[in-house]
Amino acid sequence: MTRRRTVPRTRKPLAAALGAALAVPLLAAAPAVASQGAATGQVTVTALKFTVRAGGRTCAIDADLYRPAGVDKAHPAPAVLTTNGFGGSKADGSTDGTAKAFAARGYVALAYSGLGFGKSGCLISLDDPGIDGRAASRLVDFLAGTRAADDGTRVDFVTKDRPGDPRVGMIGGSYGGAIQMATAAVDHRVDALVPMITWNDLSYALDPNNAADRKVPGAFKWQWTNGFYLIGESQPITLPNLDPSRWGTLGCVHFVSDACETIGLLNSGSYPAARTAAMLRYARSVSPVSYLDRVQAPTLLIQGQTDSLFNLNEATATYDALKDNGTTTKMIWQSWGHSGGQAPGELNLAQGNLETSYTGRRILAWFDRYLRKQKHTDTGPAFAYYRDWQSGYGEASRVPPLSQKVYLSGDGKLVDNRAKVASGSRTYTNWPVPTSHSESSLAGMIGLPDPAPYDTPGTYLGWDTDPLKAPVDVVGSAKATLKVSSPAARAVQNSGDAADKLVLFAKLYDVAPDGTKTLVRRLVAPVRVPDVTKPFTVALPGIAHRYAAGHRIEFAIAASDDAYLGNKGVKPVTVVSAPGDPGTLQLPVVSGRLN
């Protein structure tokens, strides 16, 4: 079923709403921690400040030290270091709740506000290992007992592997996830990492191109990106009397200049070659993709299936890179992410339900193994994924590979044999305004109403399987190989501005017997086609989904999506199918048959 949108949304009001929404903590709020020296149950919490040099500036880091009762020099304990998601601080539900949860289980915990957030100084530098990572390393020095806080406080009760080398792990989500890898890349004293719902490559996360050629920029994810920019730049209003080190240059108040230049280029809708190359270099330089070869700490990656900001492909790319480099790593695909999806019984660190949730038990086992050095602790399978169609998690020794292929037939069918492909061509045309909707970014997390996904007739093409004879379980990232014809795009694609290249959006629907369509986890794959005269391959976002018996799998390509910037100008697209040269769709099927 499709619904026609009659009135296009404007961007400015939504962008303002997103900026305010980003102040909502990643996880449910928890009560504020006790003040300096106060005891919270069996844990003493001490507020501390650290002066550090980062990014050419001297600034303060605001932190809280959680010391469990009974932990002292004669009875030391391992430490857990944690920081906030974007827009948060040491006191928000995710950071404070994490510190409390681990301190209650006998770990020394140090929670801090990341650079540029809360009462910490310096500019927002996007978890740059040379800035944010180096600053976090100074906190590892404190846990090692080799440096003091500004008030002279020192610790001598953290377990050490050798003098100056504390037993320390890191955990946190989103912005508090990437900082772990940035820190471990510059400080090999970190012993274990648990990055949750975070990125591998910011150029993919914020300007994704799911085509194989990653040198070509993608489709700007304007809702998410401008929301982050607004929350960062609005801090003079929300946080008066900021540390002077928090002020940047005119036009880029609270971010490092490279970050502001990147956001400015993305919003311009133009991709001139030299500036685009610089943007991609910068975005990747502050992303794990550029430094994972320096990360040695055992890493448990946890990513959310319901996440249009940092989808499952991000964690999979990190997982593969760490494995290739010989770093011990495992991965869990939980239900919730930045776009919502919290399921009953799933991990919520603010509630402290570690022992009663699958992911929580895996985290405890990870730290038991690598921080408490319990060598016989079972840390679980290499890969696990939440199943909303069956109790518990599925487990496997690896991420499932592509296993079944279907062909795009000229009559709009997905067929399992090349000989069944019907010759034919079909065309869609984009409008000057977006005509497809996947999701309103952040709606799921903060409870805003969000229309069901839809495509306007004439602006997309779809291919369907026959009704499935039995359930089909798909776990992983599907891959499509396509060839399209677009004379309008061909005429301008070599202009020197990549914005002139064709943009389209690939996606997978679950179509019920009554025709109702469900866009799986509301995920789409933006594509800026490198060259419309050649075939291209699209990697769709990873999913873990059961297509029920009687349902159909639909693969669709659409001209636009209102969560992204799309085509520059009107560019009709034709897809020609013939038995000798059809497009294909490959799926990582773990159970069942497509036809």
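Analysis parameters
Residues numbered from 1 in each chain as written. Predicted model: local features only at pLDDT ≥ 70, side-chain atom pairs only at ≥ 80, totals over all residues. Heavy atoms only, no water. Salt bridge = Lys/Arg side-chain N within 4 Å of Asp/Glu carboxyl O. Helix = DSSP H or I, 4+ residues; strand = E, 2+ residues; numbered from the N terminus. Buried < 20%, exposed > 50% of the residue type's maximum accessible area, 1.4 Å probe, protein only. Core = buried A, V, L, I, M, F, W, Y, C linked by side-chain atoms within 4.5 Å. Contact = heavy atoms within 4.5 Å. Polar contact = N/O pair within 3.5 Å; in protein donor to acceptor, adjacent residues only side chain to side chain. Pairing = 2+ DSSP bridges. Axes fitted to C-alpha atoms, helices over the stretch in contact; angles between N-to-C directions. Expected span 1.5 Å × (residues − 1). Disulfide = S-S within 2.5 Å.

## Describing the pattern of salt bridges
Here comes step 1: Evaluated as defined, the whole model comprises 22 salt bridges.
Here comes step 2: With its nearest N and O atoms 3.9 Å apart, the salt bridge here joins Asp388 to Arg521. Here Arg521 lies in the loop between strand S23 (517–519) and strand S24 (525–528) and Asp388 lies in the loop between strand S12 (383–386) and strand S13 (393–396), a separation of 133 residues in the sequence.
Here comes step 3: Relative accessible area serves as the criterion here: at 48%, Asp388 is assigned to the partly exposed category.
Here comes step 4: Among the salt bridges present, the one from Asp497 reaches Lys568, with a minimum N-O distance of 3.5 Å. On the criterion of sequence distance, the pair formed by Asp497 in the loop between helix H13 (487–492) and strand S22 (503–511) and Lys568 in the loop between strand S27 (552–558) and strand S28 (573–577) is long-range, its members being 71 residues apart.
Here comes step 5: Among the residues examined, Asp497 registers a relative accessible area of 12% and is labelled buried.
Here comes step 6: In this structure Lys568 comes out as partly exposed when scored by relative accessible area, which is 42%.
Here comes step 7: Look at the salt bridges and you will find they share partners, linking Lys49, Asp62, Asp64 and Lys90 into a network.

## A short note on the nonpolar core
Here comes step 1: Membership of the largest hydrophobic core comes to 42 residues, with the highest contact counts inside it found for Phe142 and Val295.
Here comes step 2: If you list the elements that add at least two residues to this core, you get strand S2 (43–54), strand S3 (57–68), strand S4 (79–83), strand S5 (108–112), helix H3 (129–144), strand S8 (168–173), helix H4 (175–186) and strand S9 (190–196).
Here comes step 3: Sequence-distant contacts of Phe142, defined by excluding residues within four places in its chain, comprise Leu48, Phe50, Leu65, Leu110, Arg147, Ala148, Ala149, Thr153, Arg154 and Val155.
Here comes step 4: In terms of nonpolar packing, the next biggest core, distinct from the first, is built from 40 residues, Ala211, Ala478, Phe536 and Leu594 among them.

## Topic: the side chain of Lys90
Here comes step 1: In this fold, Lys90 is placed in the loop between S4 and helix H2 (93–103).
Here comes step 2: Its relative accessible area of 11% is what places Lys90 among the buried residues.
Here comes step 3: In terms of polar contacts, Lys90 uses its side chain to reach the backbone carbonyl oxygen of Ala63, at 3.4 Å.

## Some thoughts on the sheet that holds strand S20 (residues 472–476)
What holds strands together in a sheet is hydrogen bonding between their backbones, with the strands either parallel or antiparallel.
Here comes step 1: Overall, antiparallel pairing links the three strands, which are arranged S26-S20-S30 in an open sheet. Both outer strands of the open sheet, strand S26 (543–547) and strand S30 (589–591), are each paired with one neighbouring strand and no more. Strand-to-strand twist across the sheet, computed as the mean angle between neighbouring axes with direction ignored, equals 25 degrees.
Here comes step 2: Across two bridges, S20 lies against S30 in antiparallel orientation. Of the residues in S30, the one forming a bridge with Val474 is Val589.

## Quick look at the sheet that holds strand S21 (residues 479–482)
Here comes step 1: Read from one edge to the other, the open sheet built from five strands follows the order S15-S14-S29-S21-S25, with strand pairing classed as antiparallel. The open sheet has two edge strands with one neighbour each: strand S15 (414–415) and strand S25 (536–539).
Here comes step 2: As paired strands, strand S14 (residues 404–408) and S15 are joined by two bridges and run antiparallel to one another. Looking at S15, one finds that Leu408 is bridged to Leu414.

## Focus: helix H10 (residues 312–324)
Here comes step 1: Between its first and last C-alpha, H10 extends 18 Å over 13 residues, near the 18 Å set by a 1.5 Å rise per residue.
Here comes step 2: Within the span of H10, buried status applies to Leu312, Asn313, Glu314, Ala315, Thr316, Thr318, Tyr319 and Leu322.
Here comes step 3: Each element contacted by the buried residues of H10 is listed here: H4, helix H5 (202–206), strand S10 (299–306), strand S11 (329–336), S25 and S26.
Here comes step 4: Capping the start of H10 is the job of one residue whose side-chain oxygen sits 2.9 Å from the backbone nitrogen of Asn313: Asn311.
Here comes step 5: Just downstream of H10, Gly326 is the residue with a positive phi angle, here 85 degrees.

## A few points about the environment of Gln342
Here comes step 1: Here Gln342 lies in the loop between S11 and helix H11 (358–370).
Here comes step 2: What makes Gln342 partly exposed here is its relative accessible area of 43%.
Here comes step 3: Taking the C-alpha atoms as reference, Gln342 lies 8.7 Å from Thr306; in sequence the two are 36 residues apart.
Here comes step 4: In this structure Gln342 touches Trp336 and Leu347, once residues within four positions along its chain are discounted.
Here comes step 5: Within the structure, Gln342 has its side chain in polar contact with the side chain of Trp336 (distance 3.5 Å).

## Observations regarding unusual backbone geometry
Here comes step 1: Look at Asp127: it is not a glycine, yet its phi comes out positive at around 60 degrees.
Here comes step 2: The topology assignment puts Asp127 in the loop between S5 and H3.
Here comes step 3: Taking relative accessible area as the criterion, Asp127 reaches 2% and is therefore assigned buried.

## Observations regarding the state of the cysteines
Here comes step 1: All told, the structure shown has one disulfide when counted by the stated rule.
Here comes step 2: Through a disulfide, Cys59 is tied to Cys122; the S-S separation comes to 2.2 Å. Looking along the S-S bond of the Cys59-Cys122 disulfide, the torsion reads about -95 degrees, which is the left-handed sense. Of this pair, Cys59 sits in strand S3 while Cys122 sits in the loop between S5 and H3; the two residues are 63 residues apart in sequence, bridging distant segments of the chain. For the pair formed by Cys59 and Cys122, the shared burial category is buried.

## Concerning the environment of Leu202
Here comes step 1: Relative to the helices and strands, Leu202 resides in helix H5.
Here comes step 2: Looking at Leu202, the relative accessible area reads 9%, which means it is buried.
Here comes step 3: Taking the C-alpha atoms as reference points, Leu202 and Leu280, separated by 78 residues in sequence, lie 8.7 Å from one another.
Here comes step 4: When sequence neighbours within four positions are dropped, the list of residues in contact with Leu202 reads Leu126, Asp207, Ala283, Val286, Ser287 and Phe310.

Geometric descriptors of this kind do not, in isolation, establish any biological role.
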